[in-house]
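# Geometric and topological summary
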Amino acid sequence: MSGYLQEILASSLFSGIEEEEARAMLTCLEAREKDFEKDAYIYREGDVTESLGIVLSGRVLIVQEDFWGNRNIVSSVAESQMFAESFACAPDAVMNVSAVAGTPCKVVFLNVKKVLHTCPSGCAHHHKVIQNLLSGLAARNLEKNEKIAHLSQRTTRAKLLSYLSAMAARGGSGEFDIPYSRQQLADYLSVDRSGLSLELSKMRREGLLDFKKEHFILLRRV
């Protein structure tokens, strides 16, 4: 676990926690690591879990799949970010999404019951982790609201403009990388991949943007 301690300390869950405090808490929270190959399921829709995950390396995709296997990407979870926290915090909550390894990845799982029920000593850093968990849940809710704003747009172009504008605003720059391949971006925005690629090409010809794979540059037309 010590080899990934910095990634754990970089997570929002451990914000403001000192290294020695974190080491003690990882034992208290029954931390366990696991490796996953690309496309492996970490959680499946219908699962019940008491553990949240923190990505130590790689990337995890949160997806919804219908009966016929059509996939909608809900979000992408990068290194040091957590996932499944909402379901782990709600007793007996059945997951309505799956967590899938978007790349080969390593995840540390933490028992949420141990987070929500403080240890007998009532240590200050444990209370800080609870505050961080609540902040993380609020941030996740804001992410969902942002995605609803993207999907509420009527056309593929409008959805793309909404998403790319949000990414630029988040990074404070018109040049940024997105966490999705073309197919994954199409799944995230609930559009056809060929239509998305066609619209991106049109927008590049019109001087609205430039891109190479996951790297985008938004341009202002004179």
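In short, a report on the structure. Model, not experiment: these values are computed from the prediction.

### Some details on the overall build of the chain
- Of the regular secondary structure elements, the chain holds eight helices and 11 strands.
- Taken over C-alpha atoms, the radius of gyration comes to 19 Å for the chain, in line with the 17 Å a tight globule of 222 residues would show.
- In terms of its C-alpha atoms, the chain occupies a principal-axis envelope of roughly 65 × 40 × 30 Å.
- Within the chain, buried positions represent 43% of all 222 residues.
- Considering only intrachain contacts with a sequence separation of at least 6, the fraction spanning at least 24 residues in the chain is 68%.
- Roughly 11900 Å² of accessible area belongs to the chain as shown, and the carbon and sulfur atoms make up 50% of that amount.
- On the chain, the mean spot of the 27 positive side-chain charges and the mean spot of the 28 negative ones are 7 Å from each other.

### Some points on the pairing of strand 3 (residues 51-57)
- For strand 3, a buried count of six out of seven residues is recorded, marking the element as mostly surrounded by other parts of the structure.
- Inspection of the sheet shows strand 3 paired to strand 6 (residues 82-83) by two bridges, in the antiparallel sense. When the bridges of strand 6 are listed, glycine 53 appears paired with phenylalanine 83.

Parameters at a glance
Residues numbered from 1 in each chain as written. Predicted model: local features only at pLDDT ≥ 70, side-chain atom pairs only at ≥ 80, totals over all residues. Heavy atoms only, no water. Helix = DSSP H or I, 4+ residues; strand = E, 2+ residues; numbered from the N terminus. Rg over C-alpha atoms; globule rule 2.2 N^0.38 Å. Buried < 20%, exposed > 50% of the residue type's maximum accessible area, 1.4 Å probe, protein only. Contact = heavy atoms within 4.5 Å. Areas by Shrake-Rupley, 256 points an atom, 1.4 Å probe, with all protein chains shown as cover. Lys, Arg positive; Asp, Glu negative; His and termini not counted. Charge placed at Lys NZ, Arg CZ, Asp CG, Glu CD. Pairing = 2+ DSSP bridges.

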